[in-house]
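Understanding the architecture of this molecule
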Amino acid sequence: MYDIENRLNDIIFKYNLDEFYPSYRKSIKAKKILSLIIKDNKENVVFIVQNEEEKNICQCYIKSKIQYVLEKNLQNYTSEYWMNFDKIYIISFDKKKLIKGYFDKIEVRTEWIYDDFLQENLQFEAAFYDDNLLSEKEKKSIDGGFLNIHHWTNCIQMIIFRENKNYLNALNDEIKCIILKKLIFLTIRMKNFKKAKYYFIKLQELDSFCMEYIYAWQEIDCLLNEIKLQLEKRNKKDIIIYWNDSMSYGEETSMPYLSTKIKESIAFSNAFTNTPFTGPTAKSIFCQKMQVDDEAYKIKEIGENNSELIRNIYNANYIFKVLGRHMKYFSDEYFSDMYHEGTDSCSMIYWDMIRNMIMQDKPMVLLAHAMEPHAPFLNMNMNGNVLQDLKESLYHREFAKQELDDQLEFYDSFIPKETVRIYMSDHGVINVEGMIERHHIIFSIWKKDILSKEINYFISTKDIGKIVENIINNSDLLKNINIKSYVKIQDVPRYNSLRVKSCIENVEKRLLPDIFGYKGIIDRDYVYIKFFNEIEYMIKRDKNMIEPKFLLESKVDNKELVSKYRELAGRCPDKLIKDEKFKYSRELLKQGYNQANNLAKGFSYIRSIIDESLRRYPAKSIAIRMGGYHSSVLFELLSLESKNKIKCFIDCNKECECMNLGLPIMTLEESIKEGIKGIILSSFTHLQMLRDESRSYYNKISVIDLYQILEKRGLVCKQDFFLEFMDGNECKIEKAP
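In short, a report on the structure. (Residues numbered from 1 in each chain as written. Predicted model: local features only at pLDDT ≥ 70, side-chain atom pairs only at ≥ 80, totals over all residues. Heavy atoms only, no water.)

**A look at the overall build of the chain**
How we decide: Secondary structure elements are taken from DSSP: a helix is a run of H or I of four residues or more, a strand is a run of E of two residues or more, and numbering for both begins at the N terminus. Every radius of gyration here is taken over C-alpha atoms, with the globule rule written as 2.2 Å times N^0.38, N being the number of residues. Burial classification: accessible surface area is computed with a 1.4 Å probe over protein chains only, and a residue below 20% of its type maximum counts as buried, one above 50% as exposed, and the rest as partly exposed. Residue contacts follow a heavy-atom distance rule, with two residues in contact if any of their heavy atoms lie within 4.5 Å. Surface accessibility follows the Shrake-Rupley procedure with a 1.4 Å probe radius. Residue values consider only the protein chains on display as shielding. Here Asp and Glu are counted as negative and Lys and Arg as positive; His is not counted, and neither are the chain ends. Where a charge sits is defined by one atom per residue type, namely NZ (Lys), CZ (Arg), CG (Asp) or CD (Glu).
In terms of regular secondary structure, the chain is built from 28 helices and 21 strands. Computed over its C-alpha atoms, the radius of gyration of the chain comes to 29 Å, within 12% of the 27 Å expected for a compact globule of 737 residues. Oriented by its inertia axes, the alpha-carbon framework of the chain measures out at about 85 × 65 × 65 Å. Considering the chain as a whole, with its 737 residues, one finds that 55% of them fall into the buried category. The long-range fraction of contacts in the chain, counting pairs at least 24 apart against all pairs at least 6 apart in sequence, stands at 68%. A total accessible area of about 33700 Å² is found for the chain, and carbon and sulfur atoms account for 47% of it. Side-chain charges in the chain split into 108 positive and 109 negative, and the spacing between the mean points of these groups amounts to 3 Å.

Written out as structure tokens, the structure reads:
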């Protein structure tokens, strides 16, 4: 048994592949020194760390159980408490002065871990666990304010992207060779060996005498082949859960490898998460608890004490490992001893997966969590503007999915055929897709010699936990699964004080469908959801279905059946709202309830006005100008009769907010050629520009100036029309005319 990470680092150091990144070698040495200090030390030691991340990093490299205290909690302890320890180590680099000052004041002696490093000739200018792949100058020069704010400028994917750009702009072969050497190290560190090989070949083409790199790649290639041989000999019934974050059912069709594996599997076409977030999905699978009905929101971490699945894993003599720090919902003991940053690529996660398999004698259940499809969609092709706008963001998401598929294929080729593979996702893209897409997940099981088939029973994430148990026990997959014709969906209201404040202050956020909490049902015919602000919708599931994008007003397609769905879904429990956790949510729900009443009155008023204004127009003869948020709200509140009169949206951006409402997006010229008879002006922000445009270009086309019409009826708008009814106070419109 050996650690393939150490073997790989030996090759890196032997051939000096990290020559442009000296802090990497120092970081590796420091982590080894840290583990040896505690291993050789028989004294009672406490580590003072600056945050949870620093604690988690230390726990990965120190196998001994020692005490940790966070800097922010120092004031909670008396000077007598510190006398219980033989040594007090300050781990923090940035807050060393602050922490030492506290202990000096109470006359307690401390040691700084960096003094121990210095004795081994290791001097640091930043935290020892930070590879510092970017200089401060480079960090400041990176484009994209959002990424700078969120500390993603230092993620390896961004650095590789920048070096690729530098390579394309390099003035001569000498500079290109330097950049290629950087890219070789970075991709090896990222464990993307396919890309590393590509850069090795490029370097050879430019410099056929770079023998140290040629020899290095030969050794890496030998190591990879050795790993394959080792895993082939592993005669264990391992189970790998490939957990792909933020992917809806059907998205795998753009990923050739994953799509092929699902076709070779038992694939569940109606698998749904009960709550479309990673944490509640994990609790549903591992603890059999739903977010609202079973108060899963109270579960702080998943472990043997509350997870029958984890207990059964160990009772069956398996080892359970979680790979990826975004799965913070599990107890620390289940995480790999290789620390993972939140920005780590799937290739780094999968490398650790095969590393654990080689180091472990017992069969394993491995949960490998890949974040590529989740914002910020980190991948080697991204740039600094990835989160500046939705269009650019989703464009980069496709690159991220391709990279995930590519690495999944590469690392899956290492896995023994006896290993059961579960390919799944946990939810769709939040705030982009409808409620069905958010809950509808990928779930399929690949097993040696299994007959591939599609199962269209409805299952929820609670059922998935039982299915995993059946795989462990070698039982029928659907044993003890209560087959239903529907699944329950639900979530709690927003409860974080800052998020609640943001929703209360930003009225547009109060239109989002998930902020108030809800309970609902999805079956073959309908999606039914009752939000906790009393708005409900029941939409027929067919090819023409368009889910409401905003929480405007109740909409029920089948009034005869709705009572049945209400009963199945259930109401919001009174005790949930009374729970102290939701003390900030109560004001939000109060605002939401008033908002729902106001919108119902206001939209009834506006709907009647628009119906009257459009009555003389034939079907498909009206365009809405423009295609932004305001226009999508306007379209949703229209009566069915008025909706049938809308031909298109007019906007120069073909991928505007209204692109998924079932109507074409046209330019002004295109709409005129189509023979439209009237244009509704919907944007308040651009109203003057639209009025000027109408006088210049529309000629014989009627202008339906929504704000002028409302003003004539006594409602003078000072913002987009729908915002006039969202102040949470008394409605300005008492009744429709």
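**So, empty space enclosed by the protein**
Rolled over the atoms, a probe with the dimensions of a water molecule shows which regions are left empty. For the record, the criterion: A cavity here means a set of 1 Å grid points, computed over protein atoms only, where a 1.4 Å probe fits but cannot escape. A pocket is an open set with protein on both sides within 12 Å along at least 5 of 7 lines, and lining residues have an atom within 4 Å of a point. Grid points are joined across faces, edges and corners, and a volume is the space filled by probe spheres set on the points. Residue type decides the class: Asp, Glu, Lys and Arg count as charged, Ala, Val, Leu, Ile, Met, Phe, Trp, Tyr, Cys and Pro as nonpolar, and the leftover types, Gly among them, as polar.
Counting across every chain of the model gives three cavities of 30 Å³ or more. Along the walls of the largest cavity sit Gly324, Arg325, His326, Glu341, Gly342, Asp344, Ile349, His369 and Met371, which together make up its complete lining. Among the residues making up the lining of the largest cavity, the classes are represented as two nonpolar, four polar and three charged.

**Notes on the side chain of Asp238**
To be explicit about the condition: Contacts described as polar in this section are N or O atom pairs within 3.5 Å, which, within protein, must combine one atom able to donate a hydrogen with one able to accept it, while residues neighboring in sequence count only if both atoms come from side chains.
Relative to the assigned elements, Asp238 resides in the loop between α12 (211–232) and β5 (239–244). From its side chain, Asp238 meets the backbone nitrogen of Met364 in a polar contact 2.7 Å long. Contact partners of Asp238, with chain neighbours within four places excluded, come to Met357, Lys362, Pro363, Met364, Glu418, Thr419 and Val420.

**Some points on helix α1 (residues 4–14)**
Every buried residue belonging to α1 is among Ile4, Glu5, Leu8, Asn9, Ile11, Ile12 and Phe13, and all of these are buried. For α1, the capping residue at the N-terminal end is Asp3, with a side-chain oxygen 2.9 Å from the backbone nitrogen of Glu5. A positive backbone phi angle near 55° is found at Asn16, which sits one or two residues after α1.

**A closer look at the layout of surface pockets**
The volume enclosed by the second largest pocket comes to roughly 800 Å³. Lining the second largest pocket are 30 residues, with Ile546, Lys555, Phe635, Leu640 and Lys643 sitting closest to its centre. Put simply, the parts of the chain that give the lining of the second largest pocket at least two residues each are β15 (536–540), α24 (629–637) and α25 (640–643). Along the lines of polarity and charge, the residues of the lining of the second largest pocket split into 15 nonpolar, five polar and 10 charged.

**A look at the sheet that holds strand β12 (residues 486–491)**
What counts, and what does not: For two strands to be treated as a pair, DSSP must find at least two bridges joining them. Angles run from 0 to 180 degrees between N-to-C directions of axes, and those axes are lines fitted to C-alpha atoms, restricted for helices to the stretch in contact.
Across the sheet, five strands lie side by side as β12-β13-β14-β15-β16; this open sheet has mixed pairing. Unpaired on one side and paired on the other, β12 and β16 (555–556) mark the two borders of the sheet. Helix α21 (residues 562–569) contacts β12, β13 (518–523), β14 (526–531), β15 and β16 of the sheet and is inclined by roughly 120° relative to β13.

**Section: the pairing of strand β17 (residues 622–625)**
A two-sided burial pattern is seen for β17, the buried positions comprising Ile622 and Ile624 on one face and Ala623 and Arg625 on the other. Strand direction decides the pairing type here: β17 and strand β18 (residues 646–650), joined by four bridges, are parallel. Each bridged residue has a counterpart across the sheet, and for Arg625 the counterpart in β18 is Ile650. Judged from the four bridges that link them, β17 and strand β20 (residues 678–681) form a sheet pairing that is parallel. Counted as the bridge partner of Arg625 is Leu681 from β20.

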